[in-house]
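Residue-level listing of the chains:
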Amino acid sequence: MLIVRVDSAIYFSNSNYVKERLLRWLTDEEEQLKENQLPRIQYLIVEMSPVTDNDTSGIHALEELYKNLQKRDIQICLANPGQAVIDKLHASNFAYLIGEDKIFVSVADAVLSYAQKMEEF
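The rules behind these values
The residue numbers shown here count from 1 along each chain, following its written sequence. Confidence filtering applies because this is a predicted model: local features only for residues at pLDDT of at least 70, side-chain atom pairs given and counted only at 80 or more, and all residues used for totals across whole chains, interfaces and linings. Side-chain measures here rest on the full set of heavy atoms in the structure, leaving out hydrogens and waters. When DSSP locates at least two bridges between a pair of strands, those strands are taken to pair. Helix and strand definitions here come from DSSP, where helices need a minimum of 4 consecutive H or I residues and strands a minimum of 2 consecutive E residues; each element is numbered from the N-terminal end. Detection works on a 1 Å grid of protein atoms alone, calling trapped sets that fit a 1.4 Å probe cavities and calling open sets with protein on both sides within 12 Å along at least five of seven lines pockets, with lining residues defined by an atom within 4 Å of a point. Grid points are joined across faces, edges and corners, and a volume is the space filled by probe spheres set on the points. Basically, the charged four are Asp, Glu, Lys and Arg, the nonpolar ten are Ala, Val, Leu, Ile, Met, Phe, Trp, Tyr, Cys and Pro, and anything else, Gly included, counts as polar. Exposure categories follow from relative accessible area, calculated using a 1.4 Å probe and restricted to protein chains: below 20% of the type maximum is buried, above 50% is exposed, and the middle band is partly exposed. By definition, the crossover connecting two strands over a helix is right-handed if that path, from the first strand to the second, turns clockwise as seen with the strands pointing away from the viewer. We define a salt bridge as a side-chain nitrogen of Lys or Arg found within 4 Å of a carboxyl oxygen belonging to Asp or Glu.

A. Representation of the sheet that holds strand 4 (residues 103-104) in the model. Pairing in this open sheet of four strands is parallel, and the strands run 1-2-3-4 from one edge to the other. The sheet terminates laterally at strand 1 (2-5) and strand 4, the two strands that pair on one side only. With two bridges joining them, strand 3 (residues 75-79) and strand 4 adopt parallel strand pairing. Across the sheet, the residue bridging to leucine 78 is isoleucine 103, located in strand 4.

Structural data, given as structure tokens:
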């Protein structure tokens, strides 16, 4: 399980950077786990409390991130998004794409939900 925090709104100007940075962190962590023969990452929890807003480009970046994670057999979940962000996630159908059960009020709720489901290697 990897938990990352996005510290700004996800707009046209930074949406690609946010997506690429999340993927880079994930890749770096996966490499370290593999080197140390530890279990693979199954869940990416994106902590979004600082994300005050997002636009269409931000939604598209999240969709691309989701598709990339699917190919890697990693589930994404969002923790603590603000109401404006939640509204846009629903309006764009992104919440339905990832599953509404993948949006949590807190990181702790996400961790508790997925800790029980994690595969042991």
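B. Expanded view of the layout of surface pockets. Quantified by volume, the largest pocket comes out at close to 180 Å³. Contributing to the lining of the largest pocket are 14 residues, with Gln42, Tyr43, Asp73, Ile74 and Gln75 lying nearest its centre. Elements represented by at least two residues in the lining of the largest pocket include exactly helix 2 (56-71) and strand 3.

C. Representation of empty space enclosed by the protein within the structure. Counted by the stated rule, this structure contains one cavity of 30 Å³ or more. Computed from the structure, the largest cavity encloses a volume of approximately 30 Å³. Around the largest cavity, the lining residues are Ile10, Ser15, Val18, Lys19, Leu22, Ala61, Leu62 and Leu65. Every element with two or more residues in the lining of the largest cavity is listed here: helix 1 (15-35) and helix 2. Sort the elements by how many residues they give to the lining of the largest cavity and helix 1 lands first, with four residues. Looking at side-chain class alone, the lining of the largest cavity contains six nonpolar, one polar and one charged residues.

D. Representation of the pairing of strand 3. With respect to burial, strand 3 is a largely interior element, four of its five residues being buried. This β-α-β element, strand 2 (residues 43-47) to helix 2 to strand 3, shows right-handed connectivity.

E. Highlighting the pattern of salt bridges. As enumerated under the stated definition, the model contains nine salt bridges in all. When the shortest N-O distance is used, the salt bridge between glutamate 20 and lysine 19 registers 3.3 Å. Among the residues examined, glutamate 20 registers a relative accessible area of 40% and is labelled partly exposed. When its relative accessible area of 10% is taken as the criterion, lysine 19 is described as buried. In this structure, the salt-bridge partner of aspartate 73 is arginine 40, at a minimum N-O distance of 3.2 Å. Highlighted residues: aspartate 73 in the loop between helix 2 and strand 3 and arginine 40 in the loop between helix 1 and strand 2, separated in sequence by 33 residues. Given a relative accessible area of 52%, aspartate 73 falls into the exposed group. Judged by its relative accessible area of 30%, arginine 40 falls in the partly exposed class.

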